[in-house]
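# Coordinate analysis (summary)
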Amino acid sequence: MTQLSVNINKIATIRNARGGKYPDVAEAAKNCERFGAQGITVHPRPDERHIRYSDVHEIKPLITTEFNIEGYPNESFLQLIETIKPHQVTLVPDPPDVLTSNAGWDTKANQSFLNTVIARIHEAGCRCSIFVDTNLINTEYAIQCGADRIEMYTEPYAENFVKDKKLAVKPFLETAKLAQSLGLGINAGHDLSLENLAWFCDNIPFLDEVSIGHALISDALYYGLENTIQMYLRQLNQKT
Ligand code: PXP
């Protein structure tokens, strides 16, 4: 069964627009779980423009499902991981100034760096997933880096889905099959939505997890958070 992890960064973005504590990010995390999400994802960036490090500390004891922390593994991020010890860490290669993650790791070029970082994450007792541009080489080298999972960067899938959905999913299916044969778990994320999620998951039924933020939180404006989470779960063929 593919698990739904809700990325709650957007809720922090709304809160930060006015300062104060509304909407309450920790409360939102608890509610996402209550409404059926099987995980919570946060992406604290160095400038804390979305999720703050203090949010991560506040959320950790409140949630009972999988806690996934994404980010670029600089020293302060790694120290946060060693303190919080989430279930999963997703390594993202984004520089501090980008608006959102817009590329995955080249795991061949960064093998030695990723090796060192992943060893440290494993030492803290966390599973480690690497956000990758979807291709076979990155998948093979993810194993060399010591990763437990890959997260396939699905922005190209979302972009091509509207033109030709069969063609759009093909490279992702090939990569996922290789990952599965190598014993890697498989996550996916970026620009997944109510429009394109079911096709992706029906074609890659052995996907472990999808991490969804922007579209899900935007849909919640119209349908409400509870309905929206249920709608996404139904796209994943889960009875709600
Ligand atoms: N996965 C990773 C690694 C990301 O950086 C993001 C965006 O923060 C997502 C998934 C979720 O993407 P979206 O907000 O487009 O659903």
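Residues numbered from 1 in each chain as written. Predicted model: local features only at pLDDT ≥ 70, side-chain atom pairs only at ≥ 80, totals over all residues. Heavy atoms only, no water.

## Quick look at unusual backbone geometry
Put simply, the test is: The helix count covers DSSP runs of H or I at least four residues long, the strand count covers runs of E at least two residues long, and both are numbered beginning at the N terminus. Burial here depends on accessible area, computed with a 1.4 Å probe over protein chains only, as a share of the maximum for the residue type. Under 20% is buried, over 50% is exposed, and the range in between is partly exposed.
Looking along the chain, the bond that leaves Tyr-22 and enters Pro-23 is cis, with omega of 0°. Inspection of the secondary structure puts Pro-23 in the loop between helix 1 (9-18) and helix 2 (25-34). Positioned with a positive phi, Asn-237 is a non-glycine residue whose angle comes to about 65°. You can see Asn-237 is positioned in the segment after helix 11 (225-235). Under the relative-accessibility criterion, Asn-237 is labelled exposed at 57%.

## Quick look at the sheet that holds strand 2 (residues 39-42)
Quick reminder of the rule: Pairing between strands is defined by DSSP: at least two bridges between them are needed. Where helices are involved, their axes are fitted lines through C-alpha atoms of the stretch in contact, as for all axes, and angles between N-to-C directions lie from 0 to 180°.
Spatial ordering of the closed barrel is given by 1-2-3-4-5-6-7-8, a layout of eight strands whose pairing is parallel. Across the sheet, the mean angle separating the axes of adjacent strands is 25° when strand polarity is ignored. Both strand 5 (residues 127-132) and strand 6 (residues 149-153) contribute to a ladder of four bridges, which runs parallel. Across the sheet, Ile-130 pairs through a bridge with Ile-150, a residue of strand 6.

## Considerations on the site of the ligand
For clarity, the cut-off: Being near a molecule or strand, for a residue, means having at least one of its heavy atoms within 4 Å of it. Counting of polar contacts relies on pairs of N or O atoms within 3.5 Å, with two restrictions inside protein: one atom must be capable of donating a hydrogen and the other of accepting it, and residues adjacent in sequence are counted only when both atoms are side-chain atoms. Only the protein chains shown count as cover for residues, and the accessible areas themselves come from Shrake-Rupley with a 1.4 Å probe. Side-chain classes follow a simple rule in which Ala, Val, Leu, Ile, Met, Phe, Trp, Tyr, Cys and Pro form the nonpolar group, Asp, Glu, Lys and Arg form the charged group, and the remainder, Gly included, forms the polar group.
The local shell around the ligand holds 15 residues, among which Ser-101, Glu-151, Asp-191, Gly-213 and His-214 are the closest. Contact distances for the ligand include 3.2 Å between a nitrogen atom and a side-chain N or O atom of Glu-70. Relative to its unbound accessible surface of 400 Å², the ligand loses 94% to contact with the protein. Among the residues forming the shell around the ligand, the class breakdown is three nonpolar, nine polar and three charged.

## Structural notes on the layout of surface pockets
Quick note on the threshold: Using protein atoms alone on a 1 Å grid, points that fit a 1.4 Å probe yet trap it form a cavity, whereas open point sets bounded by protein on both sides within 12 Å along at least five of seven lines form a pocket; residues with an atom within 4 Å of a point count as lining. Grid points are joined across faces, edges and corners, and a volume is the space filled by probe spheres set on the points.
Approximately 260 Å³ is the volume found for the second largest pocket. Lining the second largest pocket we find 13 residues, and of these Ile-11, Ile-14, Pro-23, Ile-217 and Ala-220 sit closest to its centre. Elements with a minimum of two residues in the lining of the second largest pocket: helix 1, helix 2 and helix 10 (214-223).

## Comments concerning the state of the cysteines
For clarity, the threshold we go by: Defined by distance alone, a disulfide is two cysteine sulfur atoms within 2.5 Å.
Evaluation of the coordinates by the stated rule reveals zero disulfides. For the unlinked cysteine Cys-128, the closest cysteine sulfur is that of Cys-126, found at 8.5 Å. Here Cys-145 is not cross-linked by a disulfide; its sulfur's nearest cysteine counterpart is in Cys-128, at 9.3 Å. Looking at Cys-145, the relative accessible area reads 1%, which means it is buried.

## A few points about the environment of Ser-129
Formally: Contacts are assigned to residue pairs that have any heavy atoms within 4.5 Å of one another.
Along the chain, Ser-129 falls in strand 5. When its relative accessible area of 0% is taken as the criterion, Ser-129 is described as buried. Leave out the neighbours within four places in its chain, and Ser-129 touches Gln-88, Val-89, Thr-90, Leu-91, Arg-149, Ile-150, Glu-151 and Asn-187. Looking at Ser-129, its side chain comes within polar contact range of the main-chain nitrogen of Glu-151, at 3.5 Å.

## Some remarks on helix 4 (residues 75-84)
Applicable threshold: When we speak of the arc, we mean the arc of directions from the helix axis to the C-beta atoms.
Burial in helix 4 covers these residues: Phe-77, Leu-78, Leu-80, Ile-81 and Ile-84. Axial view of helix 4: buried residues confined to an arc of 155°, hence all on one face. The inward-facing, buried residues of helix 4 contact helix 3 (53-59), strand 3 (66-71), strand 4 (88-91) and helix 5 (111-123). Two residues or fewer past helix 4, Lys-85 is found with a positive phi of approximately 50°.

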